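Survey of secondary and tertiary structure
Take a look at the letters that make up each chain.
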Amino acid sequence: MNLRKLKDKYAIVGVGYTPQGKVPGRTALSFYIEAGINAIKDAGLSKEDIDGLICYRQFNPLLNEPVATPYLVAQHLGIKPTVLSQESFCQRNQFIQAVSLLEANFCKNILIIYADNAASGRRMFIEEATHGEPFNDNAAYGEFGFVGDYAMAAQRAMFEFSTGPETWKHIAINQRKWANLNPIAQYFNETLTEEDYINAPLIADPFRKYDAALISDGGRACIVTTVERARDLKNPVVTIMGLGEANPSVDVHQANYLAKNTGAKQSGEMAFKMADISLDAIDGCEIYDCFTYTVEITMQDYGFFKPGEGVDFFKNGATAPGGVLPVNTSGGLLSEAYFMGLTPVTEGVMQLMGRCGDRQLGEKTSTKEPEIILCCDNGGVLQSHSTIILRKL
Amino acid sequence: MELFPVSTFDTEIFYNGCKEKKLIFQKCKNCAHIIWPNSLFCPRCYNNNFELIELKGYGSIYTFTIFRVAFHKAFKDKVPYTVAIIELDEGPKLVSNIVDTPLNEIKIDKKVEVVWKSCGNTFLPKFKVIS
Ligand SMILES: [Zn+2]
């Protein structure tokens, strides 16, 4: 598979944000619409230009509201896209799908959106399968999904190599420092110390409160098109330099990839090969961080450090503002807000466009001016992984 | 209240065994793979001829977590409790609970044996650490 011809051929030309955090009284659909409209406006496009709409998965509606189907989203956006799509169970192929549709010329401008009202609707982490009540047989044993599953992966990692809270606390704290520079982050006003991290209650061993992602109201969107078209639009051109994907698929309970060779390994190799660069070309990372451990295992499988050396990699604020390799510069899913893979990807785009205010990479945060940012997304319980390397032209 | 597994066309092989406190699995007659979860076809060779075998009920803890928070009202009075992935000696990995074992003795790689616990009108295989 030679993907090099796709390198720097497509671009992300606009991003859409909404009020986020706890925003009571709103439907998930309303956040979809607001994020979508804002992305279209941000790109300087009009709705007639959008001929592809890809929605992330939609969890079951929480309040008295309709399911935010892609039909409804398209209707309310006033668009009739040639291609309309929504993933169901966290397979993270949105960007590969978008680039494929553009490459084959089925579409010209593709809008990708995720939104939810999970904070106001008090969505539980266990609700991974669009059911309010657990239906999986594992529930009979009190095993309800994401938290326990990732906790068991992390516990296995602690057995296979040197890791644990002493590593993860650095990840949580470094990301919180970025969030403290980001006024829209849910934890903007709250610092996190080592004592806060360690003293926080255990949820499911070995995870404590601050190992887990936030639950958020709000939406996030972006638009993918060709670099050729991007040059005529108003924002600085941010290209998709590399793309990778892998779907190990096997249920985490039968899997052998909990602590090594997750999808990140194969997906990362694919993306770096397409981008024709090595790790040392990366100026910053936006890593999908449903849990602190996810950041560690992803970056370990990408090859940033050897198994067990994560603690040395993350300590002393190495990935925090002023650090040698900034990671999750918005605060990420742990400290900014949860919009699946669009939290990392839109932050990567914003950084490369130079629109990040006090958290802007470069002089402002005593970090390197970014040219290339590595982003990723991860779905299911390490069952799906995608890698998106972005570059400022 | 209690949550129950639901036996389906695919999984009734396993759950019928549970009713008799037996760990019954499908073994592929073509490649000898022990299939788990239950399926109409062997995922290795796509054969659909099986024999049913009974596993001995011994294995080790592959990984585990201790739930400190009840994510469902059925477990409100049960925290803290342990969920584990048990790697049976014959190969399959089962989600289950570690029972009849002090929390501080629960560690990865510890040997376990099956303990059948009643659940509604059937039994579920749970595991205890053995020395
Ligand atoms: Zn077979």
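Predicted, not measured: the structure shown is a model, and the values here were computed from it.

**Things to note about the overall build of chain A**
A tally of regular secondary structure across chain A gives 12 helices and 11 strands. Expected size for 393 residues packed as a compact globule is a radius of gyration near 21 Å; at 19 Å, chain A falls within 12% of this value. Expressed as lengths along the three principal axes of its C-alpha atoms, the size of chain A is roughly 55 × 45 × 45 Å. With 393 residues in all, chain A has 66% of them scored as buried. Of the contacts formed within chain A by residues at least 6 apart in sequence, a portion of 77% connects residues at least 24 apart. In the form shown here, chain A has an accessible surface area of approximately 14000 Å², with 51% of it arising from carbon and sulfur atoms. In chain A, 35 positive and 46 negative side-chain charges are present, and the distance between their average locations comes to 5 Å.

**Considering the overall build of chain B**
In terms of regular secondary structure, chain B is built from one helix and eight strands. When the helices and strands of chain B are placed in sequence order, the string is α-β-β-β-β-β-β-β-β. Taken over C-alpha atoms, the radius of gyration comes to 16 Å for chain B, in line with the 14 Å a tight globule of 131 residues would show. The buried share of chain B, taken over its 131 residues, is 48%.

**Section: empty space enclosed by the protein**
Residue and element names in this part refer to chain A. The full count for this structure, using the stated rule, is two cavities of 30 Å³ or more. Here the second largest cavity is characterised by a volume of approximately 30 Å³. For the second largest cavity, the full set of lining residues is Glu 286, Ile 287, Asp 289, Asn 328, Ser 330, Gly 332, Leu 333, Thr 343 and Pro 344. Mapped by element, the contributors of at least two residues to the lining of the second largest cavity are helix H11 (332–335) and helix H12 (342–353). Its residues assigned to classes, the lining of the second largest cavity shows three nonpolar, four polar and two charged.

**Considering the pattern of salt bridges**
Residues and elements named next belong to chain A. On inspection of all chains with the given rule, the structure shows 21 salt bridges over all chains. In this structure, the salt-bridge partner of Arg 391 is Glu 371, at a minimum N-O distance of 3.4 Å. One end of the pair, Arg 391, is in strand S11 (residues 384–392); the other, Glu 371, is in the loop between H12 and strand S10 (372–379), with 20 residues separating them in the sequence. Overlapping salt bridges, with partners in common, bring together Asp 8, Glu 371 and Arg 391 in one network.

**Side note on the coordination of the zinc ion**
Residue and element names in this part refer to chain B. Coordination of the zinc ion by the protein is provided by Cys 28 (SG), Cys 31 (SG), Cys 42 (SG) and Cys 45 (SG), with metal-donor distances spanning 2.3 to 2.4 Å. Around the zinc ion, the four donor atoms are arranged such that angles at the metal cover 98 to 120°; this shape is classified as tetrahedral. Written as a sequence motif, the donor residues of the zinc ion are C-x2-C-x10-C-x2-C. Taken as a pair, Cys 31 in the loop between strand S1 (23–28) and strand S2 (34–35) and Cys 42 in the loop between S2 and strand S3 (50–55) lie far apart in primary sequence, 11 residues in all. Residue classification places Cys 31 among the partly exposed residues on the basis of a relative accessible area of 33%. According to the relative accessible area criterion, Cys 42 is buried, its value standing at 0%.

**Thoughts on helix H1 (residues 28–43) of chain A**
All names here are of chain A. Taking 1.5 Å of rise per residue, the 16 residues of H1 would be expected to cover 22 Å, and the 23 Å separating its terminal C-alpha atoms lies within 8% of that figure. When H1 is considered as a whole, its buried residues turn out to be Ala 28, Leu 29, Phe 31, Tyr 32, Ile 33, Ala 35, Gly 36, Ala 39, Ile 40, Asp 42 and Ala 43. As for H1, its buried residues are in contact with strand S1 (10–17), strand S2 (52–55), helix H2 (70–77), strand S4 (110–117) and strand S7 (217–226). A positive phi of about 75° marks Gly 44, the residue just after H1.

**Regarding the sheet that holds S3(B)**
Sheet strands pair by backbone hydrogen bonding; their relative direction is either parallel or antiparallel. Residues and elements named next belong to chain B. Spatial strand order, S2-S1-S3: three strands in an open sheet with antiparallel pairing. Edge positions in the sheet fall to S2 and S3, since each of these pairs with one other strand and no more. Pairing geometry for S1 and S3, over six bridges, is antiparallel. Across the sheet, residue Lys 27 finds its bridge partner in S3, namely Glu 51.

**Details of a nonpolar patch on the surface**
All names here are of chain B. A surface patch of nonpolar side chains, about 330 Å² in accessible area, is lined by Phe 9, Leu 40 and Phe 41. Structurally, Phe 9 is set in the segment before helix H1 (12–19). For Phe 9, a relative accessible area of 63% puts it in the exposed group.

**Observations concerning the packing of aromatic side chains**
Tallied over the full model, the rule gives 19 aromatic pairs over all chains. Consider the rings of Phe144(A) and Phe75(B), whose centres lie 5.5 Å apart with planes at 80°: the pair is edge-to-face. With Phe144(A) in the loop between S4 and helix H4 (146–160) and Phe75(B) in the loop between strand S4 (58–67) and strand S5 (81–88), this pair bridges two chains. Here Phe144(A) and Phe75(B) have matching classes, each one buried.

**A closer look at the interface of chain B and chain A**
With 32 residues of chain B in contact, the opposing surface of chain A contributes 30 residues. For the chain B and chain A pair, buried surface summed over both sides reaches about 2800 Å², with 60% attributable to carbon and sulfur atoms. On the chain B side of the contact with chain A, Tyr62(B), Phe71(B) and Val95(B) bury the most area, a combined 24% of that side's loss. For the pair chain B and chain A, the number of links is one salt bridge. One salt bridge in this structure joins Asp205(A) and Arg68(B), with 2.7 Å as the shortest N-O distance. Between the two partners, chain B and chain A, sit 16 residue pairs in polar contact (both at pLDDT 80 or more).

Calculation criteria
- Residues numbered from 1 in each chain as written.
- Chains lettered and ligands numbered in written order.
- Predicted model: local features only at pLDDT ≥ 70, side-chain atom pairs only at ≥ 80, totals over all residues.
- Heavy atoms only, no water.
- Helix = DSSP H or I, 4+ residues; strand = E, 2+ residues; numbered from the N terminus.
- Rg over C-alpha atoms; globule rule 2.2 N^0.38 Å.
- Buried < 20%, exposed > 50% of the residue type's maximum accessible area, 1.4 Å probe, protein only.
- Contact = heavy atoms within 4.5 Å.
- Areas by Shrake-Rupley, 256 points an atom, 1.4 Å probe, with all protein chains shown as cover.
- Lys, Arg positive; Asp, Glu negative; His and termini not counted.
- Charge placed at Lys NZ, Arg CZ, Asp CG, Glu CD.
- 1 Å grid on protein atoms, 1.4 Å probe; cavity = no way out; pocket = protein on both sides within 12 Å on 5 of 7 lines; lining within 4 Å.
- Points joined across faces, edges and corners; volume = space filled by probe spheres on them.
- Nonpolar A, V, L, I, M, F, W, Y, C, P; charged D, E, K, R; others polar.
- Salt bridge = Lys/Arg side-chain N within 4 Å of Asp/Glu carboxyl O.
- Donors = N, O, S within 2.8 Å, 3.2 Å for Na, K, Ca; no water.
- Tetrahedral: all angles 85-135°; square planar, octahedral: opposite > 155°, others 65-115°.
- Expected span 1.5 Å × (residues − 1).
- Pairing = 2+ DSSP bridges.
- Patch = residues over 30% accessible without salt bridge, like charges linked within 9 Å, V, L, I, M, F, W, Y side chains within 5 Å.
- Phe/Tyr/Trp six-rings, centres within 6.5 Å; stacked < 30°, edge-to-face > 60°.
- Buried area = accessible area lost by both parts, 1.4 Å probe.
- Polar contact = N/O pair within 3.5 Å; in protein donor to acceptor, adjacent residues only side chain to side chain.

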